[in-house]
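Architecture and fold: a report
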Amino acid sequence: MRYTIPYQGLSNGKHCFEFDVTDRLFSEIEESEIKKGNARVIVNLEKSSSLLKLEVSIEGQVEVTCDRCLEEFYMPISFNGVLYVKFSETVTGYDIESEGNFDEELLWQNPNDPEIDLTQYIYESICLSLPYQRVHPEDENGNSLCNPDMLKRFSVRQEENMEQD
């Protein structure tokens, strides 16, 4: 699956693109901490003569490891960001937009490239949308959905360590 936008043939104005993220994206990224997931990416592109403005929205879920019980589970993800694309034959890559808004990033693109590849941007946006601590949610009664057997093992091990101190 390619997450690219062929911008050169587009007229100035607004355009919408949609992509489906699958497990394949995560398998193609070297050393990805995420192995499985699915999400919907919507890109609202505004093209002008000097730059492109991409408003990117990502909604879905990815499989992560629970920090508490070490089991895999699907965690919902949500991301909204703005990516500006400016053109230069000498500068390429990402940069932080210097106008003080940290939700906006800048991508320098060679004007001779016919399309913008958003693969890395989508992957990094998904990773950034994950919380620092990843634990199973609670059920409707407020009980943890973590594996109770694993929690017992950790509890026994912790008690053994406390007895040794």
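Residues numbered from 1 in each chain as written. Predicted model: local features only at pLDDT ≥ 70, side-chain atom pairs only at ≥ 80, totals over all residues. Heavy atoms only, no water.

When helices and strands are tallied, the protein shows three helices and eight strands. With 165 residues in all, the protein has 36% of them scored as buried. (Helix = DSSP H or I, 4+ residues; strand = E, 2+ residues; numbered from the N terminus. Buried < 20%, exposed > 50% of the residue type's maximum accessible area, 1.4 Å probe, protein only.)

This brings us to the nonpolar core. Among the nonpolar cores identified, the biggest contains 39 residues, and Val21, Val43, Leu54, Ile58, Leu118, Ile122 and Ile126 are the most heavily contacted of them. At the level of elements, β2 (13–21), α1 (23–28), β3 (37–47), β4 (51–65), β5 (72–87) and α2 (119–129) are the ones that each hand at least two residues to this core. Once you skip the residues sitting within four places of it in the chain, Val43 turns out to touch Ile5, His15, Cys16, Phe17, Phe19, Leu54, Glu55, Val56 and Leu118. (Core = buried A, V, L, I, M, F, W, Y, C linked by side-chain atoms within 4.5 Å. Contact = heavy atoms within 4.5 Å.)

As for its position among the elements, Lys35 is in the loop between α1 and β3. When the C-alpha positions of Lys35 and Leu25 are compared, they lie 8.7 Å apart, and in sequence the two are ten residues distant. Every residue in contact with Lys35, bar those within four places of it in the chain, is listed here: Asp23 and Phe26.

Averaged over the protein, the pLDDT score is 86; the fraction of residues at 70 or greater is 84%. Considering only residues more than four positions removed or in separate chains, one finds that residues 96–103, a stretch of pLDDT under 50, has six contacts. (pLDDT = per-residue confidence, 0-100.)

One can find Thr4 in strand β1 (residues 4–5). With a relative accessible area of 14%, Thr4 lands in the buried category. What Thr4 contacts, discounting residues up to four positions off in sequence, is Phe19, Glu115, Ile116 and Asp117.

A few words now on the environment of Ser144. The residue Ser144 is located in the loop between α2 and α3 (148–164) in this model. Residues in contact with Ser144, not counting those within four places in the same chain, are Arg68, Pro137 and Glu138. Among the polar contacts made by the side chain of Ser144, one reaches the main-chain amide nitrogen of Cys146 at a distance of 3.0 Å. (Polar contact = N/O pair within 3.5 Å; in protein donor to acceptor, adjacent residues only side chain to side chain.)

With that out of the way, let us pick up the pairing of β4. Pairing geometry for β3 and β4, over eleven bridges, is antiparallel. By the bridge assignment, Lys47 is partnered in β4 with Leu52. Connecting β3 to the next strand, β4, in antiparallel fashion are three residues. Here β4 runs beside β5; their pairing, made up of 15 bridges, is antiparallel. Paired with Thr65 across the two strands is Glu72, which belongs to β5. Counted along the chain from β4 to the antiparallel partner β5, the turn is six residues long, and its residue Leu70 has a positive phi close to 70 degrees. (Pairing = 2+ DSSP bridges.)

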